[in-house]
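Each chain, letter by letter, is given below.
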Amino acid sequence: MTGAEPIIQARGLRKSYPSGDDRVYPLRGVDITLYPGQFMAIMGPSGSGKSTLMHILGCLDRPDEGRYLLNGQDTAGLDDQALSLIRASRIGFVFQAYNLIAQCTMMENIAMPFMYHNDPPDNIQERTTAALDRVGLSKRITHLPSQLSGGELQRAAIARALVIDPLIMLADEPTGNLDSDNTREILKIFRQINEKGTSLIVVTHEDEVARQADTVLHIHNGLINE
């Protein structure tokens, strides 16, 4: 990674929210650098600022202070539409709760990111099928979420993140709802994705997950220690 240009450069990120008559400060000056091909885990107790940080890195929220460069582009000057395009084309999201649409098949769920693209239908179908195959769900294309197990649902969520061939993948407690066998399966998929060149940031409270990462950051009271 030495000499490579960082994918993520975040400096002095600060964020606060109103809480009654007071304010809470989930981020108090966070610095993060992520390089191409890096696998980073972020650990910390509940309320330490993990999810707030992920929302900013994923362009779902903006910092009150600090600078965030994504692939060399300063996100501060981008409007909401531009940030939406970045999320749709460069960032793959994986959530603990899967966030799949109950009424849609796996094929339809995984193709959702293409709502913001102008790809021809044949290309969308090809890429969606390939993403499902990468996570071992090629036989579940026509299934609804209610017909899948928890481990399969998380693999489907990973396929949805992969389908756009993202610059980075952000996963927020991706194994929090899974048993040990399914956790190991998800970690195996993450490692395979990383070995093919996709950079990963995983928020977790599980040591087993963090051990897969190249770099582990600990966040506490809105500050990070490596």
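Relevant structure appears above.
Residues numbered from 1 in each chain as written. Predicted model: local features only at pLDDT ≥ 70, side-chain atom pairs only at ≥ 80, totals over all residues. Heavy atoms only, no water.

1. Thoughts on the overall build of the protein
Across its full length, the protein carries 7 helices and 10 strands. Scored against the burial criterion, the 226 residues of the protein give a buried share of 47%. Summarising the internal contacts of the protein: among those between residues at least 6 apart in sequence, 70% fall at separations of at least 24. Positive and negative side-chain charges of the protein, numbering 21 and 28 respectively, have mean locations separated by a distance of 1 Å. (Helix = DSSP H or I, 4+ residues; strand = E, 2+ residues; numbered from the N terminus. Buried < 20%, exposed > 50% of the residue type's maximum accessible area, 1.4 Å probe, protein only. Contact = heavy atoms within 4.5 Å. Lys, Arg positive; Asp, Glu negative; His and termini not counted. Charge placed at Lys NZ, Arg CZ, Asp CG, Glu CD.)

2. Focus: the pairing of strand β8 (residues 199-203)
The element β8 is extensively covered by neighbouring structure, given that 5 of its 5 residues are classed as buried. Both faces of β8 are covered, namely the face carrying S199, I201 and V203 and the face carrying L200 and V202. In the sheet, strand β7 (residues 168-172) pairs with β8 via 5 bridges, with the strands oriented parallel. Among the inter-strand pairings, D172 is bridged to a residue of β8, identified as V203. (Pairing = 2+ DSSP bridges.)

3. Re the side chain of E173
Note that E173 resides in the loop between β7 and α6 (180-195). The buried charged residue E173 lacks any salt bridge partner; its closest oppositely charged side chain belongs to K50, at an N-O distance of 4.7 Å. Within the local environment of E173, its side chain forms a polar contact with the side chain of H205, the two groups lying 3.0 Å apart. Not counting residues within four places of it along the chain, the set of residues in contact with E173 comprises K50, Q96, V203, T204 and H205. (Salt bridge = Lys/Arg side-chain N within 4 Å of Asp/Glu carboxyl O. Polar contact = N/O pair within 3.5 Å; in protein donor to acceptor, adjacent residues only side chain to side chain.)

4. Concerning the environment of D80
Mapped onto the elements of the fold, D80 is located in helix α2 (residues 80-90). You can call D80 exposed: its relative accessible area is 55%. Sequence separation between D80 and L137 is 57 residues; the distance between their C-alpha atoms is 34 Å.

5. Things to note about α2
If you check which residues of α2 are buried, you get L83, I86 and A88. Residues of α2 that are buried sit in contact with β4 (65-70), β5 (73-74) and β6 (91-95). By the N-cap criterion, in which a side-chain oxygen at the helix start approaches the backbone nitrogen of a residue two or three places on, α2 is capped by D79, the distance to Q81 being 3.3 Å.

6. Structural notes on the pairing of β7
Among the 5 residues of β7, 5 are classified as buried, and the element is accordingly described as predominantly covered. Side chains I168, L170 and D172 of β7 all project onto a buried face; the interleaved residues M169 and A171 project onto the opposite face, where all are buried too. In this sheet, β7 lies alongside β6 in parallel orientation, the contact comprising 5 bridges. Across the sheet, G92 pairs through a bridge with M169, a residue of β7. In this fold, the crossover linking β7 to β8 by way of α6 has right-handed handedness. (Right-handed = clockwise from strand over helix to strand, strands pointing away.)

7. Here we look at a nonpolar patch on the surface
A cluster of nonpolar side chains, contributed by L85, M115 and Y116, occupies part of the molecular surface with about 370 Å² of accessible area. If you trace the backbone, M115 turns up in the loop between α3 (106-110) and α4 (121-134). (Patch = residues over 30% accessible without salt bridge, like charges linked within 9 Å, V, L, I, M, F, W, Y side chains within 5 Å. Areas by Shrake-Rupley, 256 points an atom, 1.4 Å probe, with all protein chains shown as cover.)

8. Re the side chain of T105
Turning to its location among the elements, T105 is positioned in the loop between β6 and α3. On the accessibility criterion, T105 (19% relative accessible area) is buried. Those residues in contact with T105 that lie beyond four places of it in its chain are I141, T142, H143 and L144.

9. Observations concerning helix α1 (residues 50-57)
Of all 8 residues in α1, 6 are buried; the element is thus mostly enclosed. All buried positions along α1 are accounted for by K50, T52, L53, M54, I56 and L57. C59 sits one or two residues past α1 and shows a positive phi near 60 degrees.

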